[in-house]
Amino acid sequence: MELNIEKMLDEALEASKNGEHKVVSLVTEPGAGKTKKVLAWSEDKGVVLCRLSIDMYKLLEMLDKDNIVAYFAALEKDNVVLFLDDVEKMPAKVNEFLNSGKLETDKFLFTVKAETVR
């Protein structure tokens with residue numbers, strides 16, 4: 001069954017208008033177009049994406065936790081969606097931090113986690 005990514009994103013955006021913070025999990029095989037569809041959707045809707053992927057994960061891994069908090073705090077703005085791309089490649093330190101509760105992800109409209117499974 002193919003994911004209707006645009007519909008999932010639309011539903012999360014609508015929920016954010018009611019104060020809900022959803023996490024949209026996109027788990028597919030390689031080549032399903034997750035990233036392309038999320039980028040196109042954000043452009044179409046006028047929503048800003050804070051996209052983190054492999055290179056950014058490596059940079060964050062080098063920072064201490066206070067600097068990671070400061071980095072994300074600077075990004076927490078209205079109309080921003082946190083897009084965690086290629087989460088299967090996220091270093092353990094960054095993953096632990098993101099799941100620690102120290103990052104107030106509810107300051108973003110919602111979070112998208114894209115993962116490729118083989």
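All values derive from a computational prediction rather than experimental measurement.

Undergrad: Any chance you could explain the nonpolar core here in plain terms?
TA: Generally speaking, a soluble globular protein has its nonpolar side chains buried in company with each other. Judged by nonpolar contacts, the single largest core of 17 residues is most densely connected at Leu 52, Tyr 57, Phe 72, Leu 82, Leu 84, Met 90 and Leu 98. Residue assignment for this core shows that the elements contributing at least two residues are strand E2 (48-52), helix H3 (54-62), helix H4 (65-75), strand E3 (80-84) and helix H5 (92-98). Of all hydrophobic cores here, the second largest spans 16 residues; its members include Ala 12, Leu 26, Val 112 and Ala 114.

Undergrad: What is the right way to look at the sheet that holds strand E1 (residues 23-28) in this model?
TA: Adjacent strands of a sheet form backbone hydrogen bonds with each other and so pair up, either parallel or antiparallel. What the 4 strands build is an open sheet, ordered E1-E4-E3-E2; its pairing is parallel. The sheet terminates laterally at E1 and E2, the two strands that pair on one side only. Each strand of the sheet is rotated relative to its neighbour by a mean of 20 degrees, with strand direction disregarded. Where E2 lies against E3, 5 bridges are found, and the strand directions are parallel. In the sheet register, Val 48 faces E3, and the bridge partner there is Val 80. In the packing of helix H1 (residues 5-16) onto the sheet, contacts are made with E1 and strand E4 (111-116), and the angle to E1 comes to roughly 170 degrees.

Undergrad: Any chance you could explain unusual backbone geometry here in plain terms?
TA: Backbone geometry follows two general trends: most residues other than glycine have a negative phi, and most peptide bonds adopt the trans configuration. Residue Asp 86 is not a glycine yet carries a positive backbone phi of 55 degrees. Here Asp 86 lies in the loop between E3 and H5. For Asp 86, a relative accessible area of 18% puts it in the buried group.

Undergrad: Looking at this model, I keep getting lost on helix H2 (residues 34-45). Mind explaining?
TA: Since there are 3.6 residues in each turn of an α-helix, residues three or four apart along the chain are aligned in direction. Taking 1.5 Å of rise per residue, the 12 residues of H2 would be expected to cover 16 Å, and the 16 Å separating its terminal C-alpha atoms lies within 8% of that figure. Along H2, the positions that sit buried rather than exposed are Lys 34, Val 38, Trp 41 and Ser 42. For H2, the buried positions fall inside an angular range of 95 degrees around the axis, keeping them on one side. Those residues of H2 that are exposed and angled more than 90 degrees off the buried face are Lys 36, Glu 43 and Asp 44. Those residues of H2 that are buried are in contact with H1, E1, E2, E3 and E4.

Reading the values: rules and limits
Each chain carries its own residue numbering, running from 1 in the direction its sequence is written. Only residues with pLDDT of at least 70 get local features here, since the model is predicted, and only at 80 or more are side-chain atom pairs given and counted; chain-wide, interface and lining totals rely on the full set of residues. Where side-chain values are given, they derive from all heavy atoms of the structure, hydrogens and water being excluded. We call a set of buried residues a nonpolar core when its members are Ala, Val, Leu, Ile, Met, Phe, Trp, Tyr or Cys and they connect through side-chain atoms within 4.5 Å of each other. Only protein chains enter the calculation, and the probe is 1.4 Å; a residue is then buried if its accessible area is under 20% of its type maximum, exposed if over 50%, and partly exposed in between. Secondary structure counts use DSSP, requiring at least four H or I residues in a row for a helix and at least two E residues in a row for a strand, with both numbered from the N terminus. A pair of strands counts as paired when DSSP detects no fewer than two bridges linking them. Each axis is a line fitted through C-alpha atoms, taken for helices only over the stretch in contact, and angles between the N-to-C directions span 0 to 180 degrees. Residue contacts are counted whenever heavy atoms from the two residues lie within 4.5 Å of one another. Expected helix span is computed as 1.5 Å times (number of residues minus one). As used here, the arc is the angular range of directions from the helix axis to the C-beta atoms.

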